[in-house]
Amino acid sequence: MSLTTTLSSPNPLTLPHLSSHAPHRTSSFPMAAIIRRHLNPIRRRSLAIAAAVRQQDTTLWTPTPLADVKPAAESLFHITIDVSDSPDLASSYAVAGQYLQLRIPNVEKPSFLAIASPPSLAFTNGVFEFLVKSIAGSTAEILCGLGKGDVVELSPVMGKGFNTDQISPPEDYQSVLIFATGSGISPIRSLIESGFSADKRSDVRLFYGARDLQRMAYQDRFKSWESSGVTIVPVLSQPDDSWTGEAGYVQAAFAKAKQLYAPDSTGAVLCGQKQMAEEVTSILVGNGVPNEKILKNF
């Protein structure tokens with residue numbers, strides 16, 4: 001499990017029974033009336049069950065307005081949410097890699113989202129930023145279609161985040177290998193921009209996988225990240241003919257790279273596709289990196 005931007009609830013606007021434009025038709029056949037009499041109690045029971053489940057939800061939800069929604073890459077969107085009027089919520093975000101639940105009014109199931117911005121941004125600018133992948137027919141598609149001023153509901157921040165104490169002090173952990181795929185780069189951005197003494201380590205590499213450059217978010221931040229001490233290694237699984245960098249999957253690119261790290265002084269951070277996380281973990285542990293030095297945000 002990786003807590004990135006998976007959003008799965010169906011779009012209620014596509015459900016036929018919610019359409020205000022559907023023509024109203026009546027039937028003269030008695031059988032139609034019989035069917036309606038049987039279906040109506042079933043529908044009422046379903047609605048009652050859904051309402052009961054919602055009433056049992058003890059989560060403290062905070063209404064918050066969207067401050068900005070804009071494209072980040074193909075199928076990916078920057079979502080900025082204003083939490084300046086919710087100081088308790090803003091201050092509950094303390095560690096890069098933490099996440100929360102987001103609920104859209106009239107959409108039944110909330111979604112888990114890792115926070116992309118560093119905790120300091122909530123303090124200085126009063127916002128949480130997210131990187132969300134829009135998937136057709138999902139809650140993500142609804143969220144990415146909203147605009148400034150639209151209100152969503154946020155749960156308290158949760159999760160332990162990336163416990164960088166496990167790979168500190170930097171002089172003892174000179175190598176930190178970071179791995180991300182797709183929207184899994186979201187909490188990795190938070191980690192890098194929060195600072196983990198990358199400039200005091202000799203080897204900090206980010207293996208960042210995407211299908212192609214059009215689907216790779218945060219390219220505009222690469223220069224800043226590299227100036228902080230992080231070497232970016234883009235890995236494209238379906239590059240075009242002009243691509244001269246690493247091709248294939250992140251775990252394969254890492255496996256064929258020369259082993260330039262000492263296992264006992266190496267830490268790692270992973271977020272993204274499950275198979276990638278499992279295979280990279282297997283490579284690291286097989287080469288002698290202790291499992292507790294491999295950080296995940298769940």
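Higher on the page you've got the structure.
Residues numbered from 1 in each chain as written. Predicted model: local features only at pLDDT ≥ 70, side-chain atom pairs only at ≥ 80, totals over all residues. Heavy atoms only, no water.

S.K.: For unusual backbone geometry, give the residues involved together with the corresponding values.
M.R.: Going from Ser168 to Pro169, the amide bond is cis rather than trans, its omega being 0 degrees. Here Pro169 lies in the loop between β6 (151–154) and β7 (175–181). You will see that Asn106, though not glycine, has its phi angle at about 75 degrees, which is positive. Position of Asn106 relative to the elements: it lies in the loop between β3 (99–103) and β4 (111–114). Residue classification places Asn106 among the exposed positions, given a relative accessible area of 71%. (Helix = DSSP H or I, 4+ residues; strand = E, 2+ residues; numbered from the N terminus. Buried < 20%, exposed > 50% of the residue type's maximum accessible area, 1.4 Å probe, protein only.)

S.K.: Which residues make up the environment of Thr266, and what are the values?
M.R.: Of note, Thr266 is situated in strand β11 (residues 266–271). On a C-alpha basis, the gap between Thr266 and Val204 in space is 9.7 Å, while along the polypeptide they are 62 residues apart. Non-local contacts of Thr266, meaning those with residues more than four positions away in its chain, are made with Tyr173, Ser175, Leu177, Tyr261, Val289 and Lys293. A polar contact is formed between the side chain of Thr266 and the backbone oxygen of Ala262, at a distance of 2.6 Å. (Contact = heavy atoms within 4.5 Å. Polar contact = N/O pair within 3.5 Å; in protein donor to acceptor, adjacent residues only side chain to side chain.)

S.K.: I'd like a rundown of the nonpolar core, residues and numbers included.
M.R.: Residues Ile178, Ile185, Ile188, Phe196, Leu206, Trp225 and Val269 are the most contacted members of the largest nonpolar core, which totals 32 residues. One finds Leu66, Leu102, Ala122 and Phe128 within the second-largest nonpolar core, a separate group that totals 24 residues. (Core = buried A, V, L, I, M, F, W, Y, C linked by side-chain atoms within 4.5 Å.)

S.K.: Account for the sheet that holds strand β2 (residues 76–82), naming residues and giving values.
M.R.: Pairing is antiparallel in the open sheet, where six strands are placed in the order β4-β3-β6-β1-β2-β5. Edge positions in the sheet fall to β4 and β5 (127–133), since each of these pairs with one other strand and no more. Neighbour-to-neighbour, the strand axes of the sheet open up by a mean angle of 40 degrees, direction not taken into account. With four bridges joining them, strand β1 (residues 62–73) and β6 adopt antiparallel strand pairing. Across the sheet, Thr64 pairs through a bridge with Val152, a residue of β6. (Pairing = 2+ DSSP bridges. Axes fitted to C-alpha atoms, helices over the stretch in contact; angles between N-to-C directions.)

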